[in-house]
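Fold and contact review
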Amino acid sequence: MKALDELTFDNRFARLGDAFSTHVLPEPLDEPRLVVASDAAMALLDLDPAVAETPVFAELFGGHKLWAEAQPRAMVYSGHQFGGYTPQLGDGRGLLLGEVYNQAGEHWDLHLKGAGMTPYSRMGDGRAVLRSSIREFLASEALHALGIPTSRALCVIGSSTPVWREKQERGAMVLRLAPSHIRFGHFEYFYYTQKSEQLAELAEHVLNLHYPECREQPEPYLAMFREIVERNAEMVAKWQAYGFCHGVMNTDNMSILGITFDFGPFAFLDDFDAHFICNHSDHEGRYSFSNQVPIGQWNLSALAQALTPFISVDALKEALGLYLPLYQAHYLDLMRRRLGLTTAEEDDQKLVERLLKLMQNSGVDYTLFFRRLGDESAALAVARLRDDFVDLAGFDAWAELYKARVARDGNDNEAQRRERMHAVNPLYILRNYLAQNAIAAAESGYYSEVRRLHEVLTRPFEEQAGMEQYAQRPPDWGKHLEISCSS
């Protein structure tokens, strides 16, 4: 394990130069203090978890100190926001402090969000508030624990710095980790500004550092794009299978690595609702839960347009055509496992769709239904869950199909079924009301709740003694929280 001053930097993106980013120093927070840290994320940097409690930790990630080897840069990019193109965006409140490589040879971006104004702040103050920083931290680590590709979060640093949003709040910083923070919007920026030399340099950078295996293919850039398509198909499939709503799937929020990042007004489904809109600023429902699948393809099409200087249009179209079949395969595989099935049958998709339609019309808790389905035998489980449904005849018909399907699948005993299903069906998820309770306590200066919630969410599939309150259905107020892009 390393101390903070023993990190090894290799700032590969910074070396691309001023056309790609601007040197900016973080603006320090007043009275920085540790709110929460992730031991698992710290391990990615080979850091001793004990260093999180030292004063220098809060000073480093609160903007007061900087490693001599760090090269803080604000990245420039553009993107399609709610379907309309915005010519220049960029890190308006975030800074890439540098890239650290660990003992395993992995490179990790240290990206500090809430670090103050940059040339890309667009009339903003460059700050993030405690509320949104806690939400991003919890989401990053919770998605990782569920097996959903995501950026990670090292820590949240709180402060006494006043920040104005709809009301006065306190400023905070969250330190994000990812192998890269390059987005679809990076490629769009250089494509639409007709900076062909920089576009080619960016493509080479991504290919060489993040998709080196594609170098061995006859058309390396096409192979890279296909890999990006597949990664995004798998990521969105896992979002849909676990009921995660991103909320702002703009192309500037889409990772070139196919990982979830830029958490804003996200939410996990409580009651199943295919039309759920988690962002209360999304008046048209562009980024509703069910729309995430086609929007994923739309965003890949936008990236494809920016790659036309390197890949033929026909080849790009063919690669894009892989998205939906790949999505469907990943999604159905995970949903089969969530239903406790180990084999594939032709009508499994219909079995899933029929169940979701019944859940939609009955306000059934999405997470708890699947968890309870694995508590006991299929026959006993569906009998206990029956009363959650309004259409009893419809559920009875589905239950008969399901029991017959389970019988055809195999003859493993109840204990094996329970173990297998509980390994993929979480008991604990990051419900909005749980996050809100933790935020309210933290805003009053009490950090124990956000730390406890984080600890529970790192083991979502394990039943944890004394943590029953985190596995309950939300109270009515908890289902109607409005989450906006304001942070």
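Residues numbered from 1 in each chain as written. Predicted model: local features only at pLDDT ≥ 70, side-chain atom pairs only at ≥ 80, totals over all residues. Heavy atoms only, no water.

Here we come to unusual backbone geometry. Most peptide bonds are trans, and most residues other than glycine sit at a negative phi. Although it is not a glycine, Asp46 adopts a positive phi angle of roughly 65°. Of note, Asp46 is situated in the loop between α1 (39-44) and α2 (55-60). The backbone of Phe82 sits at a positive phi, close to 50°, despite the residue not being glycine. As for its position among the elements, Phe82 is in the loop between β4 (79-81) and β5 (84-86). (Helix = DSSP H or I, 4+ residues; strand = E, 2+ residues; numbered from the N terminus.)

Moving on, we come to the domain arrangement of the protein chain. Bring the parts together and some accessible area is lost; that lost area is often taken as the interface size. Along its sequence, the protein chain is carved into domain 1 (8-184) and domain 2 (343-411). When each unit is reduced to the centre of its C-alpha atoms, the spacing between domain 1 and domain 2 is 42 Å. (Domains from an automatic or database assignment.)

The next subject is the packing of helix α6 (residues 220-242) against helix α9 (residues 323-338). Two numbers describe how α6 lies on α9: the axes approach to 8 Å, and their chain directions differ by 35°. Remark: the crossing between α6 and α9 carries right-handed chirality. Side by side, α6 and α9 meet where Val229, Glu230, Asn232, Ala233, Glu234, Val236, Ala237, Lys238, Gln240, Ala241 and Tyr242 of the first sit next to Tyr323, Leu326, Tyr327, His330, Tyr331, Leu334, Met335 and Arg338 of the second. Of the residues assigned to the contact of α6 with α9, the class counts are 12 nonpolar, three polar and four charged. (Axes fitted to C-alpha atoms, helices over the stretch in contact; angles between N-to-C directions. Left-handed = near helix turned anticlockwise from the far one by under 90°. Contact = heavy atoms within 4.5 Å. Nonpolar A, V, L, I, M, F, W, Y, C, P; charged D, E, K, R; others polar.)

What follows concerns the state of the cysteines. All told, the structure shown has zero disulfides when counted by the stated rule. Looking at the unpaired Cys245, the closest cysteine sulfur is the one in Cys278, lying at 5.0 Å. Cys245 sits in the buried class, given a relative accessible area of 0%. Look at Cys278 and you get buried, because its relative accessible area is 6%. (Disulfide = S-S within 2.5 Å. Buried < 20%, exposed > 50% of the residue type's maximum accessible area, 1.4 Å probe, protein only.)

With that settled, consider helix α8 (residues 313-320). Every α-helical turn comprises 3.6 residues, leaving residues that sit three or four positions apart pointing alike. Regarding α8, the residues found buried are Ala315, Leu316, Ala319 and Leu320. Take α8 and look down its axis: the buried residues cluster within an arc of 140°, on one side only. Projecting away from the buried face of α8 at angles above 90 degrees are the exposed residues Asp314, Lys317 and Glu318. (Arc of directions from axis to C-beta.)

Turning our eyes to something else, we now look at the pairing of strand β2 (residues 33-37). Burial of β2 is extensive: four of the five residues sit out of reach of the surface. Where β2 lies against strand β9 (residues 152-164), four bridges are found, and the strand directions are antiparallel. Looking at the pairing, Arg33 lines up with Gly158 of β9. (Pairing = 2+ DSSP bridges.)

Here we come to the packing of aromatic side chains. What the rule picks out here adds up to 25 aromatic pairs. Relative to Phe190, the ring of Phe20 lies with its centre 4.8 Å away and its plane at 50°, an arrangement referred to as tilted. Here Phe20, found in the segment before β1 (21-23), pairs with Phe190, found in helix α4 (residues 184-192); they are 170 residues apart in sequence, far enough to count as distant. Summarising the burial analysis for this pair, Phe20 and Phe190 share the class buried. Through pairs of rings, three or more aromatic residues link up here, namely Phe272, Phe289, Tyr366, Phe369, Phe370, Phe389, Phe395, Trp398 and Tyr402. A cation over an aromatic ring shows up here: Arg135 above the ring of Phe266, its NZ or CZ 4.1 Å from the ring centre. One cation-aromatic arrangement involves Arg338 over Phe370; the distance from NZ or CZ to the ring centre is 4.5 Å. (Phe/Tyr/Trp six-rings, centres within 6.5 Å; stacked < 30°, edge-to-face > 60°. Lys NZ or Arg CZ within 6 Å of the ring centre and 35° of its normal.)

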